[in-house]
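# Survey of secondary and tertiary structure
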Amino acid sequence: MTTDPPPGLTRFNTSSDSAALAALHEVCASTAWGSELLAHRPYATADALFAASDTATAGLTADDLAEAMAGHPPIGRPKPGDPTSAREQRGMAGASDELKAELLDLNLAYQDRFGHVFLICATGRTGEQMRDAVRIRIGNPPEQERAVVRTELGKINRIRLTRLVQEDAPKQQK
C-alpha cells in the first residue's frame with residue numbers, strides 16, 4: 001500500500017528552485033546546506049529529505065556552520081516578528097527576570113568563548129534546562145562544542161523540515 005507524500009513535500013518537490021531555496025533558508029541559514037538539499041530533489045518521502053538533511057549537516061564546513069548559526073537568535077531573545085524562533089523558545093516565555101538575566105550573561109560568556117551564538121534545540125526545553133545546558137557546554141573544548149553544535153543544528157533542521165513537509169498551504173507573504 002502506498003501513501004501520498006505530505007502536501008508540503010509535494011509542494012517543495014515541485015516548486016521553483018528559488019522558492020525551494022527560500023523555504024530551505026527558513027529552515028537553515030547555510031547556503032551550502034540548502035544547495036545540497038535542492039540538488040537531490042525530488043524526495044520520495046519525508047524520511048529521504050531528513051536523511052539528506054542529516055548528510056548535508058554532517059558535511060558543513062566550519063564557515064558553513066558559522067553561516068547556519070548566524071541565522072539563530074540567542075536563547076531568550078527571539079527575533080521580533082519571527083514566529084519560528086518564538087515557538088522554538090517557548091520554554092523561556094514564563095521564565096523569571098532573574099533567569100532571563102542569567103541566561104543573557106551566560107549567552108554572552110559563551111559567545112565570547114566560542115565566537116558564536118549558543119545553539120541548542122530549544123523545542124520542548126524549559127528555561128532552566130537551557131541555562132543548565134549552556135553552563136555545562138561553556139566548559140567544552142572547542143572541537144567538542146563544534147560537534148555538539150552540529151548535532152543540535154541537525155535536530156533543529158529536522159523539526160523545521162517536518163513543519164515544512166506537513167504544511168497544508170504555503171505561507172502568506174506579508
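Here the structure is shown first, and the text comes after it.
Throughout what follows, the structure given in this document is the object of discussion. (Residues numbered from 1 in each chain as written. Predicted model: local features only at pLDDT ≥ 70, side-chain atom pairs only at ≥ 80, totals over all residues. Heavy atoms only, no water.)

### Comments concerning the packing of aromatic side chains
Operational definition: Stacked, edge-to-face and tilted are the three classes for Phe, Tyr and Trp ring pairs, Trp counted by its six-membered ring, which pair at centre distances within 6.5 Å; planes under 30 degrees apart are stacked, over 60 edge-to-face, the rest tilted. Numbering of helices and strands starts at the N terminus; helices are DSSP runs of H or I of at least 4 residues and strands are runs of E of at least 2. Under the scheme applied here, a residue whose accessible area is under 20% of the maximum for its type counts as buried, over 50% as exposed, and between as partly exposed, the area being computed with a 1.4 Å probe on protein chains only. Think of it as a cone above the ring: NZ of Lys or CZ of Arg counts as a charge over the ring if it is within 6 Å of the ring centre and within 35 degrees of the ring normal.
A complete count under the given rule lists three aromatic pairs for this structure. Each ring, one from Phe12 and one from Tyr43, has its centre 6.3 Å from the other, and the planes form 25°; the classification is stacked. Placement of the pair is Phe12 in helix H1 (residues 7-14) and Tyr43 in the loop between helix H3 (31-39) and helix H4 (46-58), with a sequence separation of 31 residues. In this pair, the class of Phe12 matches that of Tyr43, namely buried. Through a chain of ring-to-ring contacts, three or more aromatic side chains come together here, namely Tyr110, Phe114 and Phe118. Of note, Arg41 hangs over the ring of Phe12, and the distance from its end group to the ring centre comes to 5.5 Å.

### Considering the packing of helix H5 (residues 62-70) against helix H9 (residues 142-166)
To keep things clear, this is the line we draw: Only C-alpha atoms enter the line fits that serve as axes; for helices the fit covers just the stretch in contact. Angles between N-to-C directions range over 0 to 180 degrees. Here is the rule for angles: anything less than 35 degrees is roughly parallel, anything more than 145 is roughly antiparallel, 65 through 115 is roughly perpendicular, and the remaining ranges are oblique. Handedness of each helix crossing follows the sense of rotation of the near helix against the far helix: counterclockwise by less than a right angle gives left-handed, clockwise gives right-handed. Here a residue-residue contact requires only that any non-hydrogen atoms of the pair lie within 4.5 Å. Under the scheme applied here, ten amino acids are nonpolar (Ala, Val, Leu, Ile, Met, Phe, Trp, Tyr, Cys and Pro), four are charged (Asp, Glu, Lys and Arg), and all others, including Gly, are polar.
Axis separation between H5 and H9 bottoms out at 11 Å; the angle between their running directions is 55°. Considering the angle they form, H5 stands oblique to H9. Judged by the sense of rotation from one axis to the other, the crossing of H5 with H9 is left-handed. Side by side, H5 and H9 meet where Leu65, Ala68 and Met69 of the first sit next to Arg146, Val149, Arg150 and Leu153 of the second. Here the residues of the contact of H5 with H9 are counted per class, giving five nonpolar, no polar and two charged.

### Some remarks on H3
What counts is decided by this rule: What the arc measures is the spread of directions leading from the helix axis to the C-beta atoms. Contacts described as polar in this section are N or O atom pairs within 3.5 Å, which, within protein, must combine one atom able to donate a hydrogen with one able to accept it, while residues neighboring in sequence count only if both atoms come from side chains.
Along H3, the residues classified as buried are Trp33, Gly34, Leu37 and Leu38. Down the axis, H3 shows its buried residues gathered within 130° of arc, on one side only. Of the surrounding secondary structure, the elements contacted by the buried residues of H3 are helix H2 (17-27), H4 and H9. For H3, the side-chain oxygen to backbone nitrogen distance between the N-cap and Ala32 is 3.4 Å, and the N-cap itself is Ser30.

### Considerations on the pattern of salt bridges
Where side chains of opposite charge bring their charged atoms close, a pairing between them can arise. The line we're drawing: The working definition used for a salt bridge is a side-chain nitrogen of Lys or Arg within 4 Å of a carboxyl oxygen of Asp or Glu.
Applying the stated criterion to the full structure yields eight salt bridges. Arg158 is paired through a salt bridge with Asp54; the nearest N and O atoms lie 2.5 Å apart. Taken together, the positions of Arg158 in helix H9 and Asp54 in helix H4 put the pair 104 residues apart, joining distant regions of the chain. Its relative accessible area of 33% is what places Arg158 among the partly exposed residues.

None of this, on its own, says anything about what the molecule does.
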